[in-house]
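Fold and contact review
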Amino acid sequence: MQSVLITGGAGYIGSHVCKHLAAKGIEPVVFDNLSLGHRDAVKWGPLVVGDILDSGLVLETMERYRPAAVMHFAALSTVGESVANPDRYYRNNIAGTISLLNAMAKAGVRKFVLSSTCAIYGVPDALPITEDAPARPVNPYGRTKHIIEMLLDDYTRAFGINTAALRYYNACGADASGEIGERHDPETHLIPRALMAAAGTLSHLDVFGTDYDTPDGTCIRDYIHVTDLAEGHLLALDYLDANACNLAVNLGVGNGLSVYQVLAAIEEATGRTVPLRIGPRRAGDPPVLFADPTKAKEVLGFVPARSDIGNIVRTAWNFMQRIRPHG
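Our subject in this report is the structure included herewith. This is a predicted model, so every value here is computed, not measured. Sequence order as written defines residue numbering, which begins from 1 separately in each chain. With pLDDT at 70 or above as the cut-off, local features in this predicted model cover only qualifying residues; side-chain atom pairs require 80 or more to be listed or tallied, and sums for whole chains, interfaces and linings still use all residues. Note that the side-chain values use all heavy atoms of the structure and ignore hydrogens as well as water.

Considering the packing of helix 6 (residues 190-199) against helix 8 (residues 259-270)
What counts, and what does not: Every angle, taken between N-to-C directions, lies between 0 and 180 degrees, and every axis is a line fitted to C-alpha atoms, over only the stretch in contact when it is a helix. Helix numbering and strand numbering both begin at the N terminus, where a helix is a DSSP run of H or I of at least 4 residues and a strand a DSSP run of E of at least 2. In this scheme, roughly parallel covers angles under 35 degrees and roughly antiparallel covers those over 145, while 65 to 115 is roughly perpendicular and the rest are oblique. In this scheme the handedness of a crossing depends on how the near helix is turned from the far one: anticlockwise by less than a right angle means left-handed, clockwise means right-handed. Note on contacts: a residue pair is in contact if any heavy atoms of the two residues lie within 4.5 Å. Note on residue classes: Ala, Val, Leu, Ile, Met, Phe, Trp, Tyr, Cys and Pro are nonpolar, Asp, Glu, Lys and Arg are charged, and everything else, Gly too, is polar.
Their axes nearest at 10 Å, the elements helix 6 and helix 8 cross at an angle of 45°. One finds that helix 6 runs oblique with respect to helix 8. Along this stretch, helix 6 crosses helix 8, giving a crossing that reads as right-handed. Taken together, the residues of helix 8 that come into contact with helix 6 (itself represented by Leu190, Ile191, Ala194, Leu195 and Ala198) are Val259, Val262, Leu263, Ile266 and Thr270. Counted by class, the contact of helix 6 with helix 8 contains nine nonpolar, one polar and no charged residues.

Rendered as structure tokens:
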């Protein structure tokens, strides 16, 4: 069986990708230090517990399993933490990726799919955001991903590693079966926190700013279902099978929803009220962000079929009820 090495495969998006690879007959070999991931989310292939900074173990794993490609999810990704601890982010995200790419070059693995982010754009000049928008990240997390994308261009030229950087927007939802889903500790994302507030496991949801220049005063973001993201990774892998390239594409829906629109969908799906606490804006939060997904559709054939907000909320609520039963 063909295998693919999945760094960070015990985490939220990585575990969904593993399930979809296995359904296609590809063995996902998970490499994860389990600092943020969950051992019980590794269900479809072997788990190697290790850190991507351990270049010897990374190379040993590649030589043992001979993966056809690497998909890289093993990154720190909390914006606030990156501001407080930039050294940790630069070491893990950049030095860790260099360790991984060097092992690939030595092992002869020539296909690499990167979990990238729309945070590389910073505050855009125009909407929707296209891939040729200038990269002006406003926090260390976004800067690390931008630097990694530049590294990929250099490694493509030097070592013939073909790469696809998938710049995603707000990943959300859960696998339709409820088998896997979003489990961050602490949880920082809007939809799971709002569901927790609806369930009573949080006293309230903080809403940061209701005075933006948007129809209802709250921020607007592009929300994409994690299963659609997983499909996008498989499409990128297929593309790398047929093309020598250094590709970067947005994975988003192409329109935005406000915080209040998301909360309305949550209250409709759960039949519960989300208790709120209104606070001031957070520094650096743009009023509106959403993707132009045209390139991903044209190049990869990517169409996000599961990303209507009703389906996102229902699948997330189903998973949360399974892991945190409540009345």
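Let's pick the thread back up.
A look at the nonpolar core
This is how the line gets drawn: Side-chain atoms within 4.5 Å link the members of a nonpolar core, which is a set of buried Ala, Val, Leu, Ile, Met, Phe, Trp, Tyr and Cys residues. For every residue, the accessible area (1.4 Å probe, protein chains only) is compared with the maximum for its type, and the residue is labelled buried under 20%, exposed over 50%, or partly exposed between those bounds.
Formed by 34 residues in total, the largest nonpolar core has its most connected members in Val4, Ile13, Val17, Leu21, Met71, Leu166 and Leu251. If you list the elements that add at least two residues to this core, you get strand 1 (3-7), helix 1 (12-23), strand 4 (69-72), strand 6 (162-168), helix 7 (226-242), strand 11 (246-251) and helix 9 (294-300). The leading source of residues in this core is helix 7, at seven residues. Once residues lying within four places of it in the same chain are set aside, the contact partners of Leu21 are Val4, Ile6, Ile26, Pro28, Met71, Leu234 and Leu237.

What to know about the pairing of strand 5 (residues 111-117)
Using the following cut-off: Strand pairing is assigned whenever DSSP identifies at least 2 bridges connecting the two strands.
When you tally the buried positions in strand 5, you get seven out of seven residues, the bulk of the element. Of the two faces of strand 5, the one lined by Lys111, Val113, Ser115 and Thr117 and the one lined by Phe112, Leu114 and Ser116 are each fully buried. Relative to strand 5, strand 4 is paired through three bridges, and the arrangement is parallel. Considered in strand 5, the bridge of Met71 is made with Val113. Inspection of the sheet shows strand 5 paired to strand 6 by seven bridges, in the parallel sense. Among the inter-strand pairings, Thr117 is bridged to a residue of strand 6, identified as Tyr168.

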